[in-house]
Amino acid sequence: MTTTFFLVRHAAHGLLDRVLVGRTPGVGLSAQGRRQAERVALRLAGERLTAVHVSPRERARETAGPIAAASGAPVVLSLDLDEIDFGAWTGRSFDELAGDPAWRAWNERRAEAQPPGGESMRSVQARVVRLLDGLARLHPGGRIAVVSHGDVIRAALLHYLGLPLDSYDRFEIGPAGVSILVVGSWGAKVLSLNETLALDETTALDETVAPAERVTA
């Protein structure tokens, strides 16, 4: 018996690709992001979801809402799906961060570096994998949407793909992108990565695909 996870990055917000939002409160979806969330809800409406687990951040909850409404599945808030704690970097613009040696180290050596006063990628990976493995044990046969953040989803996928954390930028996890993961007692398999076919066709490329050093927003 396997558990299927639909890993969904939250849809776009107005500060995307400009500010490292992190855990800044009160950042909701933009009008474009709301359209993206509705498209993802349509994409997942036929997947027979049993639950929607979501990060506590507003932009994630606003993405999860339409998914839950379309599927009739209950919403479960999970701290293990929260955005990375970026410490002193929270709320700073990417232009400001560009000259910071610690920021460069974070993007070059993700397995070792850590935001000042914040959380390491290894710690993020540990909490999200703990959650997914636990849900797989509790809900064999379940079909669960997991709405979280770009690097949180990356950390999980790197674990199940058997890749090192320094490989975090080898694949894209765009706003409202959907990746499908199956977990069972035999192991795990990634069935799809960063599906974006359900998104608004008018979405501009520079708003959905950010440079590697900016995808944590």
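Preceding this paragraph is the structure being described.
Keep in mind that this is a model prediction, so the values were computed, not measured.

Cut-offs applied
- Residues numbered from 1 in each chain as written.
- Predicted model: local features only at pLDDT ≥ 70, side-chain atom pairs only at ≥ 80, totals over all residues.
- Heavy atoms only, no water.
- Helix = DSSP H or I, 4+ residues; strand = E, 2+ residues; numbered from the N terminus.
- Rg over C-alpha atoms; globule rule 2.2 N^0.38 Å.
- Buried < 20%, exposed > 50% of the residue type's maximum accessible area, 1.4 Å probe, protein only.
- Contact = heavy atoms within 4.5 Å.
- Areas by Shrake-Rupley, 256 points an atom, 1.4 Å probe, with all protein chains shown as cover.
- Lys, Arg positive; Asp, Glu negative; His and termini not counted.
- Charge placed at Lys NZ, Arg CZ, Asp CG, Glu CD.
- Expected span 1.5 Å × (residues − 1).
- Pairing = 2+ DSSP bridges.
- Axes fitted to C-alpha atoms, helices over the stretch in contact; angles between N-to-C directions.
- Core = buried A, V, L, I, M, F, W, Y, C linked by side-chain atoms within 4.5 Å.
- Phe/Tyr/Trp six-rings, centres within 6.5 Å; stacked < 30°, edge-to-face > 60°.
- Lys NZ or Arg CZ within 6 Å of the ring centre and 35° of its normal.

Asks: Hey, could you run me through the overall build of the protein in this one?
Replies: If you tally the helices and strands in the protein, you get seven helices and six strands. Each helix (α) and strand (β) of the protein, taken in turn from the N terminus, gives the series β-α-β-α-β-α-α-α-β-α-β-β-α. On C-alpha atoms alone, the protein measures out to a radius of gyration of 16 Å, which is about the 17 Å that the 2.2 N^0.38 rule sets for 217 residues. The buried share of the protein, reckoned over its 217 residues, is 56%. Across the protein, every contact between residues at least 6 apart in sequence was considered, and the portion connecting residues at least 24 apart equals 73%. For the protein, the exposed surface amounts to about 9200 Å²; the carbon and sulfur share of it is 52%. Across the protein, the centroid of the 24 positively charged side chains sits 4 Å from that of the 26 negatively charged ones.

Asks: Would you mind going over helix α5 (residues 121-138) with me for this structure?
Replies: Side chains that are three or four residues apart share a direction in an α-helix, a result of its 3.6 residues per turn. The end-to-end C-alpha separation of α5 is 26 Å, in line with the 26 Å expected for 18 residues at 1.5 Å each. Among the structural elements, β1 (2-9), β2 (51-54), α4 (101-108), β4 (143-148), α6 (150-161) and β5 (178-184) are those in contact with the buried residues of α5.

Asks: Quick question: what am I supposed to make of the sheet that holds β2 here?
Replies: Adjacent strands of a sheet form backbone hydrogen bonds with each other and so pair up, either parallel or antiparallel. Sheet architecture is open: six strands sit in the order β3-β2-β4-β1-β5-β6, paired in mixed fashion. Each edge of the open sheet is held by one strand with a lone partner, namely β3 (75-77) and β6 (187-195). In this sheet, adjacent strand axes meet at a mean angle of 20 degrees when their direction is disregarded. The pairing of β1 with β4 spans six bridges and is classified as parallel. By the bridge assignment for β4, F5 is matched with I144.

Asks: I keep staring at the pairing of β1 and nothing clicks. Help me out?
Replies: Of all eight residues in β1, seven are buried, a share of seventy percent or more. Sheet analysis places β1 next to β5, joined by seven bridges and oriented antiparallel. Directly across from L7, in β5, lies its bridge partner S179.

Asks: It is not clear to me how the nonpolar core should be interpreted in this structure. Could you clarify?
Replies: Generally speaking, nonpolar side chains in soluble globular proteins are found buried as a group. Counting 36 residues, the largest nonpolar core has F5, L7, W106 and L132 as the members making the most contacts within it. Contributing elements (two or more residues each) for this core: β1, α3 (94-97), α4, α5, β4, α6 and β5. If you tally residues by element for this core, the top one is α5, at eight residues. Membership of the second largest hydrophobic core comes to 21 residues, among which are V40, A176, V178 and I180.

Asks: I would appreciate a short explanation of the packing of aromatic side chains in the present structure.
Replies: Where two aromatic rings form a pair, the distance of their centres and the angle of their planes describe that pair. All told, the structure shown has four aromatic pairs when counted by the stated rule. Ring plane angle 70 degrees and centroid distance 6.2 Å describe the contact between W89 and W106, whose orientation is recorded as edge-to-face. Pair noted here: W89 is in the loop between β3 and α3 and W106 is in helix α4, with a separation of 17 residues, a long-range link. A relative accessible area of 0% places W106 in the buried class. Taken together, a centroid distance of 6.0 Å and an interplanar angle of 45 degrees make the contact between F94 and W103 tilted. The ring of Y168 is capped by R110, whose NZ or CZ atom sits 3.8 Å from the centre of that ring.

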